[in-house]
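So you can see what is in the structure, the chains are spelled out below.
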Amino acid sequence: MPQVYNWQLGRKMEYPYEERHPKSQFAFVFNTNRCIACQTCTMACKSTWTFGKGQEAMWWNNVETKPYGGYPQFWDIKTLKLLDDAHQKAGATMGWEAGKQGPSKPYGEYSGMTLFEAARQRYGPEGHQRVLGYLPTDEEWRFPNIYEDTSTAYEGGRLGISTEGASLPEHKSWFFYLQRLCNHCTYPACLAACPRKAIYKRPEDGIVLIDQERCRGYRACVEACPYKKPMYRPTTRVSEKCVACYPRIEGTDPLSEGVPMETRCMASCVGKIRMQGLVKTNPDGSWVEDRQHPLYYMVKIEKVALPLYPQFGTEPNGYYIPPRWVPRPYLRQMFGPGVDEAIERYTAPSRELLAVLQLFRTTQKILSRYEIKQGPKVYETTVNGKPWAMYNDTVIGYDAKGREAVSVTVEEPVHVRPAQYANSI
Ligand code: SF4
Ligand code: SF4
Ligand code: SF4
């Protein structure tokens, strides 16, 4: 089986096809700390793409409450269990060698098996299954927001009620919201598994699509995708998935003025947790060094945003700023070994990071570059025992044509409504 380089794992891994990378890659950063689970993103996608007959249980974008919620129910626990069983059978462990960090391995090296390698180990090189996976039941697709706002029990408290309160870094009782859509993976499991070769990755932007004419509804993609983002439509008997709102990405949406525009789920985010981008890639799949690109900066320089379950091996292109209050072992399992550093950097953000975080949801244009104009110091304090200062810098975002798309300050300006308009809107 061909070997491909997965930078999130810091090593080569097996994949059924040879390496071939797009010119740029659809990617996004989500700040889990800010999400209010309003589901505006979910409804924006639903009302655009999946409101038809046969799509009732189809939510390309969903927001679930962790640790108990999931759509389809138990998707991550079930996949982790399959992977864990495969390791136990092989006498192997799912570990990370964090010490082996380097420029092409920012999180060290993953020493366990990916879902592709576990499938080969279990079924053999000529086996019928190329990816370890499972097909969710109809019941599991039925409740997209099950266990909404359900927290873990408070340990030690009478009736589960805390008398002590909680403090960072870890709350004793916790939950958080996980926002999910297709990750338009670099090595898509859905594409690897499709016996009809109906799934393809676009060379211009890395968007992964299902050809509706070629698909015969075998659901191999549904079984293989660890994130469970391809979905079967019983009325047409073919599978469908997030299309990355491609007219917007192409700049052909009437609103976009010819430049790439953020997708429906991104542009509608009320909590301002989402930032989308197109990152340029080298022929070997690595990201072209682009210091002033907001996503490059957050993922590669600050390392504040991390991939979701990198150990699955698909090299997902969605990145998450982890929640600050959740027990670290849980987060390390979900986002890999970069969690502690990411939370530390988010908790006391650098001057530059604080400015870049202001760009979230300030424009519908996809930003290709940012610049910062320095402003005065406005606040001083200590964070985790270290001095920390806030500056009222101005951050300017530029669109794909290099035009200024937005300019915002770190301190939000205060507008005082004149007395004669006090009760009007
Ligand atoms: S719109 Fe934004 S804040 Fe609301 S649920 Fe979606 S991701 Fe969270
Ligand atoms: S998230 Fe799933 S459906 Fe999307 S590209 Fe990756 S493997 Fe395919
Ligand atoms: S990118 Fe577009 S199609 Fe994909 S989940 Fe978001 S709104 Fe839906």
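A short tour of the structure in this document, coming up. (Residues numbered from 1 in each chain as written. Chains lettered and ligands numbered in written order. Predicted model: local features only at pLDDT ≥ 70, side-chain atom pairs only at ≥ 80, totals over all residues. Heavy atoms only, no water.)

This part covers the site of ligand 1. Looking at ligand 1, there are 14 residues lining it, with Cys35, Cys38, Gln39, Cys41 and Cys269 nearest. Considering only residue class, the shell around ligand 1 consists of nine nonpolar, four polar and one charged. (Near = heavy atom within 4 Å. Nonpolar A, V, L, I, M, F, W, Y, C, P; charged D, E, K, R; others polar.)

Next up on the list: the nonpolar core. In terms of nonpolar packing, the biggest core is built from 114 residues, with Val29, Phe176, Met298, Leu308 and Phe335 touching the most fellow members. Aside from chain neighbours lying at most four places away, what touches Phe335 is Leu178, Leu306, Pro307, Leu308, Pro310, Tyr320, Pro322 and Pro323. (Core = buried A, V, L, I, M, F, W, Y, C linked by side-chain atoms within 4.5 Å. Buried < 20%, exposed > 50% of the residue type's maximum accessible area, 1.4 Å probe, protein only. Contact = heavy atoms within 4.5 Å.)

This part is about the sheet that holds strand β15 (residues 369–373). A sheet is described by the order of its strands in space; here three strands give the open sequence β15-β18-β19, paired in antiparallel fashion. At either end of the open sheet lies a strand with only one pairing partner, and these are β15 and β19 (404–409). Direction aside, the axes of adjacent strands within the sheet are offset by 20° on average. (Pairing = 2+ DSSP bridges. Helix = DSSP H or I, 4+ residues; strand = E, 2+ residues; numbered from the N terminus. Axes fitted to C-alpha atoms, helices over the stretch in contact; angles between N-to-C directions.)

To continue, consider the sheet that holds strand β3 (residues 24–31). Spatial strand order, β12-β3-β14-β13: four strands in an open sheet with mixed pairing. Of all the strands in the sheet, just β12 (274–280) and β13 (306–307) have a single pairing partner and so form its edges. Looking at chain direction, β3 and β12 are connected through seven bridges and run antiparallel. Its bridge partner being in β12, Val29 is matched across the sheet by Met275.

Moving on, we get to a positive patch on the surface. A surface patch of like charges, here positive, comprises Arg130, Lys197, Arg214 and Arg216. Positionally, Arg130 belongs in the loop between α3 (115–123) and α4 (138–141). (Patch = residues over 30% accessible without salt bridge, like charges linked within 9 Å, V, L, I, M, F, W, Y side chains within 5 Å. Areas by Shrake-Rupley, 256 points an atom, 1.4 Å probe, with all protein chains shown as cover. Salt bridge = Lys/Arg side-chain N within 4 Å of Asp/Glu carboxyl O. Lys, Arg positive; Asp, Glu negative; His and termini not counted. Charge placed at Lys NZ, Arg CZ, Asp CG, Glu CD.)

Moving on, we come to the packing of helix α10 (residues 328–335) against helix α11 (residues 339–347). Each pair of packed helices can be summarised by the angle the axes make with each other and by the distance between the axes. Where α10 contacts α11, the two axes come as close as 9 Å, and the packing angle between them is 110°. One finds that α10 runs roughly perpendicular with respect to α11. Here Arg328, Leu331, Arg332 and Phe335 of α10 lie close against α11, whose contacting residues are Val339, Asp340 and Ile343. (Parallel < 35°, antiparallel > 145°, perpendicular 65-115°, else oblique.)

This part is about unusual backbone geometry. Residues Lys66 and Pro67 are joined by a peptide bond in cis, for which omega reads 15°. Of note in the backbone geometry, Lys272 takes a positive phi value of approximately 55° without being a glycine. Mapped onto the fold, Lys272 is located in the loop between α8 (264–267) and β12. Classification of Lys272 by relative accessible area gives partly exposed; the value is 41%.

We now examine the pattern of salt bridges. Per the counting criterion, the structure on display carries 28 salt bridges. Where Glu109 meets Lys100, a salt bridge forms, and the shortest distance between an N and an O atom there is 3.9 Å. Using a relative accessible area of 38% as the deciding quantity, one classes Lys100 as partly exposed. Note that Arg248 and Asp253 form a salt bridge whose closest N and O atoms lie 3.6 Å from each other. Residue Arg248 shares its accessibility class with Asp253, and that shared class is buried. One network of salt bridges, with partners in common, ties together Glu64, Lys66, Asp76 and Arg180.

With that out of the way, let us pick up helix α2 (residues 75–90). With 16 residues, α2 ought to run about 22 Å at 1.5 Å a step, and its terminal C-alpha atoms sit 23 Å apart, in line with that. Turning to α2, the residues buried within the fold contact β4 (62–66), β6 (109–110), α3, β7 (176–180) and α10. Phi turns positive one or two residues past the end of α2, at Gly91, with a value near 65°. (Expected span 1.5 Å × (residues − 1).)

Our focus in this paragraph is the site of ligand 2. The environment of ligand 2 is formed by Cys182, Asn183, His184, Cys185, Pro188, Ala189, Cys190, Val208, Cys225, Tyr227, Pro230 and Lys241. Along the lines of polarity and charge, the residues of the shell around ligand 2 split into nine nonpolar, two polar and one charged.

Right, let's talk about the environment of Arg196 for a bit. Within the fold, Arg196 resides in the loop between α5 (189–193) and β8 (199–201). Sequence separation of Arg196 and Ala92 is 104 residues, and the distance between their C-alpha atoms is 33 Å. Ignoring anything within four residues of it in the chain, the contact list for Arg196 reads Arg214, Arg216 and Tyr218.

This part covers the side chain of Thr363. Relative to the helices and strands, Thr363 resides in the loop between α12 (351–357) and β15. Judged by its relative accessible area of 12%, Thr363 falls in the buried class. A distance of 3.0 Å separates the side chain of Thr363 from the backbone nitrogen of Lys365, its partner in a polar contact. Ignoring sequence-local partners within four residues, the contact set of Thr363 consists of Glu262, Ala405 and Val406. (Polar contact = N/O pair within 3.5 Å; in protein donor to acceptor, adjacent residues only side chain to side chain.)

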